[in-house]
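What follows is the residue order along each chain.
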Amino acid sequence: MAFKFILDEPDLLKDCVIASSSLLNEAVLTVDSNGVSLVSMDSANVALVEFNILAGAFRELEASEKTEFGVNMADLVSVMRRVKSTETLEMSMDDGMLSLKISGNAKRAFQIPLIDVKKETKIPQLEFPASIEIKAEFLEDGISDAEIISDAVIFEADPDSFKIRSRGDNRTAELQMQKGEDGIVSLEAKDHVKSTFSLDYLKKMIKASKISDVASVRIGNDYPLRMTFTVLDKAHIGFVLAPRIEND
Amino acid sequence: MAFKFILDEPDLLKDCVIASSSLLNEAVLTVDSNGVSLVSMDSANVALVEFNILAGAFRELEASEKTEFGVNMADLVSVMRRVKSTETLEMSMDDGMLSLKISGNAKRAFQIPLIDVKKETKIPQLEFPASIEIKAEFLEDGISDAEIISDAVIFEADPDSFKIRSRGDNRTAELQMQKGEDGIVSLEAKDHVKSTFSLDYLKKMIKASKISDVASVRIGNDYPLRMTFTVLDKAHIGFVLAPRIEND
Amino acid sequence: MAFKFILDEPDLLKDCVIASSSLLNEAVLTVDSNGVSLVSMDSANVALVEFNILAGAFRELEASEKTEFGVNMADLVSVMRRVKSTETLEMSMDDGMLSLKISGNAKRAFQIPLIDVKKETKIPQLEFPASIEIKAEFLEDGISDAEIISDAVIFEADPDSFKIRSRGDNRTAELQMQKGEDGIVSLEAKDHVKSTFSLDYLKKMIKASKISDVASVRIGNDYPLRMTFTVLDKAHIGFVLAPRIEND
């Protein structure tokens, strides 16, 4: 058996898998002694998704060697949705199948096939002039506000404030937060920076706020965005999203 | 600036706008020192909608002169839905745009375009031989009961009772309440009166019960219905609905 | 009047009628001094549905003679859905119509037509080598697990355990419970038995778990299944489902 792990809090993996699946049809999962991880581009090559369930989150983690395997995300999601918060999840590889055992009041077992996934993805090295930690609910508000106006949204930071705005067809929406205000945990920006992003992608990414109330957002000027949600010592999920070039 | 007002309880305006929007595509809003009001016919000319948010509902109301402006109701609703109960709403007119500012933990701002709406509507002078104040939940029950039978409903009053009934294709439904019973706050009827109305319209009108638990219903014999929901000293929303002529 | 009965807990009849209606378009109801009952095959002749509201569930039950009448189940469901748990339901037959009177804070009355339904159905005499009483939630889990894999499910019992499993296209799901475990109230099986059933039917049948937390499941080897939910001294609803013949 290439690996076996047991999670007493299956929701961490469940929420990461579900959030990833809105962007990915298939993906490679990696299991090693550090935990379980995924790094993958979406099929349009616009967004990168990666998550990591750290060793500290597991009750047991047996992985003498590093194992990589491809799965259809819809297959994996359909089983993960059947796991309840209070149940224990055991995952292993058997006979070229992924085996998932759920123990609660009943014993339940699932097997799903492994698939060949070729693409190797690396997280790009990026340097961000602006970095904001923000309560996820404000990010959700800004994204939902923008949605009634346009299909794109502008993220904008300067040393004192962070803005989410959109404009379209004679309508505008803008959410603005000042450094030091309640919803802003931290804000570091050297200069004024501004980039435009697809709302459609952001709406999928923000679903990962299920794992954490605070989002880390890093942006630049006409530059990719990186959004990360972290559960200390247990898990994180992050996204990199390419900017849209607009003549705004 | 033609006007500016601030509401600490945005739900009153929100609920009136949302209830109106199910009957109106566009409408003229009027702001003056008495508050904010709307009077408009639906596009089929079957129902009149009017609401009034009274001066007492505002934290601030600056309107030196009377201002009338047209809006697309879907535009206004999309922004009003983004206002939370605990937030403060400021509305003003800027550069030919309607400006809405929402203050909660974050500052959010929206602009939507004004449009030309020509139609001037007056509330018709009507005299109603029967007037019933009824708990809105019974009205909702009567309307939902009728919906499983037919697309029309008969409202019927006499000095002692109020009835909502429908019949169709060998099926009947009837809700009956006696004067003095729990759900009837008051009932005044000179004679027996009876009119038939479109359920489709009534279902939209009853949504306004969000602002008040008690509905005032006034009817006559083959005569329009007037239904009103009131929040004392703060707001009311009312509807006039033409009867259907049926050979019942 | 052929019969009249009054129920202070209309939910028993409501839940039985609603669960039956997912399998039956029309049915014959029988009222006699023992209560109200229904026995009917679904139109595909694959499943039998029967329920019985016992005399002990009624506040009043007047039925000097046995009365049988046909109804369209959608008609009956549409009215039953309008009855609230706290209301009293009176049912009787008037002028060839079924009359339903609901008394709560308001008085509400419905009439629906009777229809001719010819088919007479008898509950088949079956002998089951395996009989399991199981908490309904586990049955629901097993059925929902199977649903992500296939459109058929295998019920399997031996003297020590009960299993629900499905396989399809390289995927499997299995729920297993041991005799003596929490979710198994009782388990009697002479031998190992196994039958395959349509998930579609099981999903409709399991809706009847609204009336009881515990299901009685009886199976055999490539033999029909009988599933029953009972409220002691008041009501029961049962189903017989033909097996699918699979070469599993």
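Residues numbered from 1 in each chain as written. Chains lettered and ligands numbered in written order. Predicted model: local features only at pLDDT ≥ 70, side-chain atom pairs only at ≥ 80, totals over all residues. Heavy atoms only, no water.

Novice: So what exactly am I meant to see when it comes to the pattern of salt bridges here?
Specialist: Here the structure, examined in full by the defined rule, presents 45 salt bridges over all chains. Via salt bridges that share partners, A:Arg82, A:Lys84, A:Glu87, A:Arg108, C:Asp141 and C:Asp145 belong to a single interconnected network. (Salt bridge = Lys/Arg side-chain N within 4 Å of Asp/Glu carboxyl O.)

Novice: Even after reading the chapter, I still don't get helix H3 (residues 136-147) of chain C, so can you show me in this structure?
Specialist: Because each turn of an α-helix spans 3.6 residues, side chains separated by three or four positions in sequence point in the same direction. With 12 residues, H3(C) should reach 16 Å at 1.5 Å per residue; the first-to-last C-alpha distance of 17 Å fits that figure. For H3(C), the full list of buried residues reads C:Ala136, C:Phe138, C:Leu139, C:Asp141, C:Gly142, C:Ile143, C:Asp145 and C:Ala146. (Helix = DSSP H or I, 4+ residues; strand = E, 2+ residues; numbered from the N terminus. Expected span 1.5 Å × (residues − 1). Buried < 20%, exposed > 50% of the residue type's maximum accessible area, 1.4 Å probe, protein only.)

Novice: Got a minute to help me understand the relation of the copies chain B and chain C in this structure?
Specialist: Two chain copies here: they are related by a rotation about an axis and a translation along the same axis. Under the fitted operation, chain B is carried onto chain C by 0.1 Å of movement along the axis and a turn of 120°, and the coordinates agree to an RMSD of 0.0 Å. Considering both components of the superposition, the chain copies are consistent with a three-fold axis. (Least-squares fit on C-alpha atoms with pLDDT ≥ 70 in both.)

Novice: Would you mind going over the environment of B:Thr172 with me for this structure?
Specialist: On the secondary structure map, B:Thr172 appears in strand E13 (residues 171-178). With residues near it in sequence (within four places) discarded, B:Thr172 still touches B:Ile149, B:Ser166, B:Arg167, C:Ala109, C:Phe110 and C:Gln111. (Contact = heavy atoms within 4.5 Å.)

Novice: Looking at this structure, I do not really get the interface of chain B and chain C. What am I missing?
Specialist: Size of an interface: often given as the accessible area lost when the parts come together. Contact residues are listed per partner, giving 16 residues for chain B and 15 residues for chain C. Of the roughly 1,400 Å² buried between chain B and chain C, counting both surfaces, carbon and sulfur atoms make up 48%. Three residues stand out in chain B for area buried against chain C, namely B:Ile148, B:Arg171 and B:Thr172, and they jointly supply 33% of the buried area on that side. At the boundary of chain B and chain C, one finds 5 salt bridges. Here B:Asp145 and C:Arg82 are joined by a salt bridge, their closest N and O atoms 2.6 Å apart. The tally of links from chain B across to chain C stands at 8 residue pairs in polar contact (both at pLDDT 80 or more). Breaking the side of chain B that touches chain C down by element, the ones donating at least two residues are helix H3 (136-147) and E13 of chain B. Looking at which element gives the most residues to the side of chain B that touches chain C, the answer is E13(B), with 7 residues. Classifying every residue of the side of chain B that touches chain C gives 5 nonpolar, 4 polar and 7 charged. (Buried area = accessible area lost by both parts, 1.4 Å probe. Polar contact = N/O pair within 3.5 Å; in protein donor to acceptor, adjacent residues only side chain to side chain. Nonpolar A, V, L, I, M, F, W, Y, C, P; charged D, E, K, R; others polar.)

Novice: Can you walk me through the domain arrangement of chain A in this structure?
Specialist: All names here are of chain A. Segmenting chain A into domains produces domain 1 (4-113) and domain 2 (130-241). Counting from both sides, the interface comprises 21 residues of domain 1 and, opposite them, 18 residues of domain 2. Between domain 1 and domain 2 the total buried area reaches about 1,700 Å² when both faces are included, carbon and sulfur atoms providing 61% of it. For the pair domain 1 and domain 2, the number of links is 3 salt bridges. Glu50 is paired through a salt bridge with Arg226; the nearest N and O atoms lie 2.8 Å apart. Seen at the junction of domain 1 and domain 2, the total is 8 residue pairs in polar contact (both at pLDDT 80 or more). Of all the secondary-structure elements, those providing two or more residues to the side of domain 1 that touches domain 2 are helix H1 (11-21) and strand E4 (47-54). Counting residues per element, the side of domain 1 that touches domain 2 draws most heavily on E4, at 8 residues. Taken together, the residues of the side of domain 1 that touches domain 2 break down into 13 nonpolar, 4 polar and 4 charged. (Domains from an automatic or database assignment.)

Novice: Looking at this model, I keep getting lost on the packing of aromatic side chains. Mind explaining?
Specialist: Two aromatic rings are characterised by how far apart their centres lie and by the angle between their planes. Counted according to the given criterion, the structure contains 18 aromatic pairs over all chains. Ring centres of B:Phe155 and B:Phe197 lie 5.8 Å apart, and the angle between their planes is 85°; on these two criteria the pair is classed as edge-to-face. In this pair, B:Phe155 is assigned in strand E11 (residues 152-158) and B:Phe197 in strand E15 (residues 193-198), connecting sequence segments 42 residues apart. Residue B:Phe197 is classed as buried on the basis of its relative accessible area of 0%. When the centroid spacing of 5.9 Å and the interplanar angle of 15° are considered together, the rings of C:Phe3 and C:Phe5 count as stacked. On the basis of relative accessibility, which here comes to 1%, the residue C:Phe5 falls in the buried class. Grouped by ring-pair contacts, the aromatic residues A:Phe3, A:Phe5, A:Phe58 and A:Phe69 constitute a single cluster. (Phe/Tyr/Trp six-rings, centres within 6.5 Å; stacked < 30°, edge-to-face > 60°.)

Novice: What am I meant to see in the sheet that holds strand E18 (residues 235-241) of chain A here?
Specialist: Strand pairs in the sheet, formed through backbone hydrogen bonds, run parallel or antiparallel to each other. All names here are of chain A. On the basis of which strands lie adjacent, the open sheet formed by 9 strands has the order E6-E2-E3-E4-E18-E17-E16-E10-E14 and antiparallel pairing. The sheet terminates laterally at strand E6 (67-72) and strand E14 (184-189), the two strands that pair on one side only. Across the sheet, the mean angle separating the axes of adjacent strands is 15° when strand polarity is ignored. Bridge count for E4 against E18 is 7 bridges, and the pairing is antiparallel. Counted as the bridge partner of Phe51 is Ile237 from E18. Here helix H2 (residues 73-80) sits on the sheet in contact with strand E2 (26-32), strand E3 (35-41) and E6, set at roughly 85° to E6. (Pairing = 2+ DSSP bridges. Axes fitted to C-alpha atoms, helices over the stretch in contact; angles between N-to-C directions.)

Novice: Can you help me understand the environment of A:Ile123 in this one?
Specialist: Residue and element names in this part refer to chain A. Positionally, Ile123 belongs in the loop between strand E9 (107-113) and strand E10 (130-135). The exposure class assigned to Ile123 is partly exposed, which follows from its relative accessible area of 35%. Separated by 83 residues in the primary sequence, Ile123 and Ser40 place their C-alpha atoms 8.7 Å from one another. What Ile123 contacts, discounting residues up to four positions off in sequence, is Val39, Leu48 and Glu50.

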